[in-house]
Amino acid sequence: MTQRIGLYPGTFDPITLGHIDIIERAVKMVDALVIGVAVNRDKGPLFPLDERVRMVGDEMAVISKKSGVPIRVTPFETLLMKFAEEQKANFIIRGLRAVSDFEYEFQMVGMNQKLNDDIETVFLMADVRYQFIASRLVKEVARLGGDIDAFVPAAVGAALKAKFAKG
Ligand code: ADP
């Protein structure tokens with residue numbers, strides 16, 4: 001039987017409880033999950049790639065153990081579809097928030113279908129408690145000294161606080 005391998009790509013700058021909720025849903029559908037952490041220089045990430053990969057990885061042990069699904073966290077800089085092929089992923093998982101994500105995701109799927117029509121994109125929605133969370137806003141709140149504990153895992157919250165305490 002072929003293994004169902006899902007790829008969840010993102011910038012994860014940093015990983016939030018919204019991402020984690022999506023991952024917890026994704027592991028119910030796959031035999032193995034690859035989390036692709038994009039270099040994404042254009043977005044001018046706050047955390048360097050290795051730190052983002054490490055922060056995602058640290059949160060995965062519990063989910064992997066609980067679900068019994070192996071989770072691999074891998075950085076990537078290539079075209080998403082090329083990366084998906086390399087990882088032997090059967091489908092790509094993306095999270096969808098309200099209407100804001102729709103137009104971008106709609107275009108991405110259209111383009112990706114042209115590049116490889118065998119790899120489907122699957123959209124998941126986070127629990128209502130987490131749907132409004134965005135890495136960009138979490139960084140903004142942290143930068144302004146606000147409380148971010150309800151949006152990110154404890155270790156990420158500590159990393160954000162340390163980052164902005166310095167600056
Ligand atoms: P990207 O730069 O690819 O958008 P992100 O790290 O911002 O990377 O997001 C990765 C994926 O997770 C995207 O599909 C995004 O829509 C989804 N996502 C992020 N936050 C949430 C959330 N709170 N609820 C649902 N999906 C989310």
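Here goes a summary of the coordinates provided. What you are looking at is a predicted structure, and each value in this text was computed from that prediction instead of being measured. (Residues numbered from 1 in each chain as written. Predicted model: local features only at pLDDT ≥ 70, side-chain atom pairs only at ≥ 80, totals over all residues. Heavy atoms only, no water.)

Here we take up the site of the ligand. Close to the ligand lie 20 residues; Tyr8, Thr11, Lys43, Gly95 and Tyr130 are nearest. Between an oxygen atom of the ligand and a side-chain N or O atom of Thr11, the distance comes to 2.6 Å. Here the ligand, which alone exposes 540 Å², has 92% of that area covered by the protein. Sorting the residues of the shell around the ligand by element identifies strand E1 (5–10), helix H1 (17–26) and strand E4 (91–95) as the ones contributing at least two each. Within the shell around the ligand, the residues separate by chemical class into eight nonpolar, seven polar and five charged. (Near = heavy atom within 4 Å. Polar contact = N/O pair within 3.5 Å; in protein donor to acceptor, adjacent residues only side chain to side chain. Areas by Shrake-Rupley, 256 points an atom, 1.4 Å probe, with all protein chains shown as cover. Helix = DSSP H or I, 4+ residues; strand = E, 2+ residues; numbered from the N terminus. Nonpolar A, V, L, I, M, F, W, Y, C, P; charged D, E, K, R; others polar.)

Tracing the chain through its elements places Leu7 in strand E1. With 150 residues separating them in the primary sequence, Leu7 and Gly157 have C-alpha atoms 25 Å apart. Beyond its immediate chain neighbours, meaning those up to four positions away, Leu7 contacts Leu33, Val34, Gly36, Leu80, Phe83, Ala84, Ala89, Phe91, Ile92 and Ile93. (Contact = heavy atoms within 4.5 Å.)

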